[in-house]
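# A closer look at the structure
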Amino acid sequence: MTERIAIEKGPARSRGYAWAVFAAMVFFMVKEIDRDLWYQLYLGYFIYLAPVLIAFSLYFKGLRGAVEVRLYMFYCLWLLISRLLNGDIFLSSDIVTVLDIGMGCAFLTACLSLDGRERQRYLDWLSILFAGYITFMSLLSMYGVLLRRELFVPITGGYMVSFTADSISRLGLFLTHPNESAMWFFISFFLLLYLFVRKKNVLWRIAMVLGAALNYLALTATFSRNTELAFSGCAALLLALWLHKRLGLEKTGKKLICTLAVVCVALPLIYLSFTATAAGIRTASDALVSATAEQQESSGEETAETASTVETTESTYVDDRGLDDSSRFRIFSSIVPTMEREPMRLLRGALAGDVMSVANEVWNYSYSHYHNSYLQVLGLTGLPGLGLILAFTVLLVIKIVRLYFSRGSLSMKILSMVLVGSFTYNLLETSLFVWMELRGVIFYILAGALLAYFRDMEPETGTEPKSAES
């Protein structure tokens, strides 16, 4: 009897842990609505709750889980050691950095603590909540884009839909950089596609299609070339998957050739579709702005207090940057003089506030980060930390590739595209391994879901994961 109770309590505890992590995800999701209040809650409460969740991740999975999880946990341990080596003995400078990155352990192991059916339910709710939230913001964004109006949060008065000061008028949510907002729309699009496959109800599927279209339009309005490229590559990969099934391809070699051919053709076409879509948005916006101005002029109405009109120019919603690197390569190259001036950074990295100190001195400019997650990891934790993260990345990519060419779950293949897009995105941006915010939260949870899928499938078959779903 005692043994039976212990068996029943184990899964109950792990489910409770997973849903506690889900609540932490929601906490990060609402961060941008009121940053001041969020940080007060973070420093007042979450900073004490985070170590509890991290400890539970060690308790439930610890060093017994997937190799990738162990590598990430060792990375977190090395991060802590490197803070001590940099003189931050009491973590007075980098306590938030340590806790943020440590929370990756919790997000990474949430799905690993659930069985297959519970995990699907977990991912369904995650997708519904995140995609519903971002799709609603996409709807508001397109209202702002088409009428060229910045919208404000009714309670706080802060920006909800805003535009950059440059001539393109790039869309951003809650004053975040357009490249960050673009990744939210990217993730939401593929989560909606995941739900489309999971839910067979016609009304559900219509809602998914409409929501995905809104996310695509909002992504276009951010003019984030990096995210558009990631989207194009992932969409091309999914198109190749459809052709695999359509052509009845079974052998991996044939699938590989088909995939390469489809990606080479479809990727540039999908990428160019953003230019055509942006032109359509501009045309529709011109017509609506003119019609609204004429109506207000004739009726004497004033613009609502919750919105402000963006100045219209001939270059609005026209991206002529082409292949300009936006100083990315100059920022990348600054890692060399940084390590030459302070060779010990190769071993112990630097405190979070000092990572860019030498680079900014070299270029006489205030860059916030290296615009590459792996260079940022090198600057923060040195070569030991970079080695652990590279190993984590390589092993996870291998699993993604194996899943892609297997007869595994189509829904998991779609979710893996979020991981693929995140990896390519982080070659030109920084959202993983060095701090924690919404883009990283979703990445870690889905990475854990992928690891859990392999854990559940492979011991039974001894071969590639298989599923009748695809």
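Being a predicted model, the structure only gives us computed values, none of them experimental.

Definitions and cut-offs
Residues numbered from 1 in each chain as written. Predicted model: local features only at pLDDT ≥ 70, side-chain atom pairs only at ≥ 80, totals over all residues. Heavy atoms only, no water. Salt bridge = Lys/Arg side-chain N within 4 Å of Asp/Glu carboxyl O. Helix = DSSP H or I, 4+ residues; strand = E, 2+ residues; numbered from the N terminus. Buried < 20%, exposed > 50% of the residue type's maximum accessible area, 1.4 Å probe, protein only. Expected span 1.5 Å × (residues − 1). Axes fitted to C-alpha atoms, helices over the stretch in contact; angles between N-to-C directions. Parallel < 35°, antiparallel > 145°, perpendicular 65-115°, else oblique. Left-handed = near helix turned anticlockwise from the far one by under 90°. Contact = heavy atoms within 4.5 Å. Nonpolar A, V, L, I, M, F, W, Y, C, P; charged D, E, K, R; others polar. Phe/Tyr/Trp six-rings, centres within 6.5 Å; stacked < 30°, edge-to-face > 60°. Lys NZ or Arg CZ within 6 Å of the ring centre and 35° of its normal.

Let us now look at the pattern of salt bridges. All told, the structure shown has 15 salt bridges when counted by the stated rule. Notably, a salt bridge pairs E361 with R341, separated by 3.1 Å at the nearest N-O pair. Of the two residues, E361 sits in helix α13 (residues 357–363) while R341 sits in helix α11 (residues 335–341), which places them 20 residues apart along the sequence. With a closest N to O distance of 3.1 Å, R439 and E437 form a salt bridge. This pair shows no difference in class: R439 is buried, exactly as E437 is. A network of salt bridges, in which partner residues are shared, links R119, R455 and D456.

In a regular helix each residue adds 1.5 Å, so 15 residues correspond to 21 Å; helix α4 (residues 95–109) covers 22 Å between its end C-alpha atoms and thus fits that length. Of all the 15 residues making up α4, 13 are buried; the element is thus mostly covered by neighbouring parts of the structure.

Between helix α14 (residues 373–404) and helix α15 (residues 410–425), the least distance of the axes is 11 Å, while the angle of their chain directions is 150 degrees. Relative to α15, α14 is oriented roughly antiparallel. Handedness of the α14/α15 crossing: left-handed. In this structure, α14 contributes Y374, T393, L396, V397, I400, L403 and Y404 to the contact, and α15 contributes M412, K413, S416, M417, L419, V420 and F423. Grouping the constituent residues of the contact of α14 with α15 by class yields 11 nonpolar, two polar and one charged.

Two measures describe an aromatic ring pair: the distance that separates the ring centres and the angle between the ring planes. A complete count under the given rule lists 34 aromatic pairs for this structure. Ring plane angle 90 degrees and centroid distance 6.4 Å describe the contact between F433 and F443, whose orientation is recorded as edge-to-face. Of this pair, F433 sits in the loop between α15 and α16 (438–461) while F443 sits in helix α16, and the two are 10 residues apart along the sequence. In this structure, F433 and F443 share a single accessibility class: buried. What links up through ring pairs into an aromatic cluster is the set Y72, Y75, Y374, F392, F423, F433, F443 and Y444. Just above the ring of W38 sits the side chain of K31; from NZ or CZ to the centre is 5.1 Å.

Any functional reading would require information that these geometric values do not contain.
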